[in-house]
Amino acid sequence: MNNKKYILVSGLILGLFAIVGTTLVGITHQTTAEKIADNERLALLRKLNQILPSNKYDNDLLHTSINIDADNRLGQKKSSTVYIAKRQNKISAMIFSVIAPKGYSGEIKMLVGINIDGTLSGVRIVSHKETPGLGDAMETEKSDWVLSFSGKSLHSPKEKKWKVKRDGGVFDQFTGATITPRAVVQAVHLCLIYFDRHKKELLEQYDKQTKQLLPDNKTG
Amino acid sequence: MKDDNYNEISKNGLWNNNVALVQLLGLCPLLAVTGTVINGLGLGLATMLTLIISNAVVSLIRHLVRPEVRVPVFVLIIASVVTAIELAMNAWLYELYTVLGIFIPLIVTNCGILARAEAFASKNRLLPSILDGLMMGLGFTLVLVTLGAIREILGYGTLFNNSHLMFGELAHNWTWVFIEDYSGFLLAILPPGAFIGMGLIIALKNVIDKHNKKKQTNTATQIVSSTEAAV
């Protein structure tokens, strides 16, 4: 009998600490949740603003987006987000949040901003696992390489030249790393092609979505 | 507790029984994040805070918890504390949090913390336990910062890069550039560089210890011989 009681008390003590611990975590979560969500929004917005200066759009970029399903033509295995930038109620640019699957060590998450006229407004790397000191030259902190995309479009350079220099294209590779820039160039090119061929569908999808959200708004 | 006992605790934490150099605990985060000084400092301070809080709590409840359930209770305490710190860092040190990433929650699995709870805090009063947590954490942080400094200088040619992640916008120009246009030394940045650097630090500590011991025995024999001469 005594033994049973002993086990019971030990169990209760353990349970008590579980409750106290969970409460502590719960309270901290409550107090920090809003701040954390803010941080994440701000960090994303900062990245988006690097691609698309804030004077180029006047809508709530973070909340104006559509999702496209996993699509081979875009080289995506998962669905990806496209942010829609509007200025004075006209769509001015789209920002594709895509993954370049063929990095040297895994996926490279990036943002590709395309102006409505088909020129690139900018490209930024969000996260990657490339070799430090070699492949990470695509980060803006390390080199200006990624800025070389700005202003390029599907027709300039020509289709055949949308490659790194080693493959006969116009984009620099890094010393000691060809695979990383090759993956990035390819992913950007795919985005441009996709945008060129499916611009209409993307806009339709966006229209449909806004109409669903605001059923009263007949002007669309 | 007497003063020399506190001295002993401090010495153990910082040198004689250093978590990283002597106990060799918590090596996974230690080797993974020490690419730069600031990363090392960030993880070191988070670990130190965890050690202080968990040691304090464990010491307070040491009479309440029975031996059979003590380990799960300690783990619960450590896990809750670390999760709370992780959330707080995510809220107030967001940039640093994104750099340190998975290694903040992994502080839970740093055996050094459970080892201190079990070996020290569960047997000692509150104040010594807090001091033990502080000193053990400080010892760990110092190793992280030293290793981070070695790897940052060799690997990037800079020191205190990215200080603003921790100290805010004011610290943007704290970076010391040792070598302009340094092309980088890849080995120092990659994990093998961490192992080599860590090995060298441990070796250095052992050399210093040996040297000190020799000195002590030397002075001892000197005293003996001088007394003999006097006789």
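Residues numbered from 1 in each chain as written. Chains lettered and ligands numbered in written order. Predicted model: local features only at pLDDT ≥ 70, side-chain atom pairs only at ≥ 80, totals over all residues. Heavy atoms only, no water.

S.K.: For the domain arrangement of chain A, give the residues involved together with the corresponding values.
M.R.: Residue and element names in this part refer to chain A. Here the domain parsing of chain A yields domain 1 (1-51) and domain 2 (56-213). Listed by partner, the interface residues are eight residues for domain 1 and 13 residues for domain 2. Contact with domain 2 buries area across many residues of domain 1, yet Lys47, Leu48 and Ile51 alone supply 60% of it, more than any other trio. Taken together, the links from domain 1 to domain 2 amount to zero salt bridges. Connecting domain 1 to domain 2 are three residue pairs in polar contact (both at pLDDT 80 or more). (Domains from an automatic or database assignment. Contact = heavy atoms within 4.5 Å. Buried area = accessible area lost by both parts, 1.4 Å probe. Salt bridge = Lys/Arg side-chain N within 4 Å of Asp/Glu carboxyl O. Polar contact = N/O pair within 3.5 Å; in protein donor to acceptor, adjacent residues only side chain to side chain.)

S.K.: Report on the pattern of salt bridges, specifying residues and quantitative values.
M.R.: Residues and elements named next belong to chain B. On inspection of all chains with the given rule, the structure shows seven salt bridges over all chains. With its nearest N and O atoms 2.8 Å apart, the salt bridge here joins glutamate 118 to arginine 70. Residue glutamate 118 is located in helix α6 (residues 111-119), and its partner arginine 70 is located in helix α4 (residues 70-92); the two are separated by 48 residues in the primary sequence. Overall, the relative accessible area of 28% leaves arginine 70 in the partly exposed class. (Helix = DSSP H or I, 4+ residues; strand = E, 2+ residues; numbered from the N terminus. Buried < 20%, exposed > 50% of the residue type's maximum accessible area, 1.4 Å probe, protein only.)

S.K.: Describe the nonpolar core, listing the residues and the values that go with them.
M.R.: Residues and elements named next belong to chain B. With 45 residues, the main nonpolar core has Leu30, Leu43, Met89 and Met198 as its most contacted residues. Looking at this core, the element that brings in the most residues is α4, giving eight residues. Apart from the residues within four sequence positions on either side, leucine 30 is in contact with Ala20, Phe140, Val143, Leu144, Leu147 and Met198. (Core = buried A, V, L, I, M, F, W, Y, C linked by side-chain atoms within 4.5 Å.)

S.K.: Give me the lowdown on the packing of helix α3 (residues 37-60) of chain B against helix α7 (residues 126-156) of chain B, citing residues and values where you can.
M.R.: All names here are of chain B. The interhelical angle for the contact between α3 and α7, taken along N-to-C directions, is 165°, at an axis separation of 8 Å. Comparing their axes, α7 and α3 come out roughly antiparallel. In terms of crossing hand, the pair formed by α3 and α7 is right-handed. Residues that form the contact of α3 with α7 fall into these classes: 18 nonpolar, ten polar and two charged. (Axes fitted to C-alpha atoms, helices over the stretch in contact; angles between N-to-C directions. Parallel < 35°, antiparallel > 145°, perpendicular 65-115°, else oblique. Left-handed = near helix turned anticlockwise from the far one by under 90°. Nonpolar A, V, L, I, M, F, W, Y, C, P; charged D, E, K, R; others polar.)

S.K.: With reference to specific residues and values, describe the packing of aromatic side chains.
M.R.: Inspection of the entire model under this criterion finds eight aromatic pairs over all chains. Centroid distance tryptophan 145 of chain A to phenylalanine 149 of chain A: 5.4 Å. Interplanar angle 80°. Geometry classified as edge-to-face. Given the relative accessible area of 8%, tryptophan 145 of chain A is considered buried. Overall, phenylalanine 149 of chain A belongs to the buried group, its relative accessible area being 0%. Following the ring pairs from residue to residue traces out a cluster consisting of Trp145, Phe149, Trp162, Phe171 and Phe174 of chain A. One cation-aromatic arrangement involves arginine 66 of chain B over tyrosine 6 of chain A; the distance from NZ or CZ to the ring centre is 4.1 Å. (Phe/Tyr/Trp six-rings, centres within 6.5 Å; stacked < 30°, edge-to-face > 60°. Lys NZ or Arg CZ within 6 Å of the ring centre and 35° of its normal.)

S.K.: Hey, could you go over the interface of chain A and chain B for me, with residue numbers and the actual values?
M.R.: Taken together, the contacts link 23 residues of chain A with 26 residues of chain B. Summed over both sides, the interface between chain A and chain B buries roughly 2100 Å², with carbon and sulfur atoms accounting for 76% of that surface. Among the residues chain A hides against chain B, the three largest losses belong to Tyr6, Leu14 and Phe17 of chain A. Together they make up 24% of the total. Our enumeration of links across chain A and chain B arrives at one salt bridge. Across the salt bridge formed by glutamate 95 of chain B and arginine 46 of chain A, the nearest N and O atoms sit 3.2 Å from each other. The interface formed by chain A and chain B includes five residue pairs in polar contact (both at pLDDT 80 or more). For the side of chain A that touches chain B, the residue count by class is twelve nonpolar, eight polar and three charged.

S.K.: Break down α3 of chain B for me, citing the residues and quoting the values.
M.R.: The end-to-end C-alpha distance of α3 of chain B is 34 Å, a good match for the 34 Å that 24 residues give at a rise of 1.5 Å each. Here α3 of chain B lies mainly inside the structure; 18 of its 24 residues are buried. (Expected span 1.5 Å × (residues − 1).)

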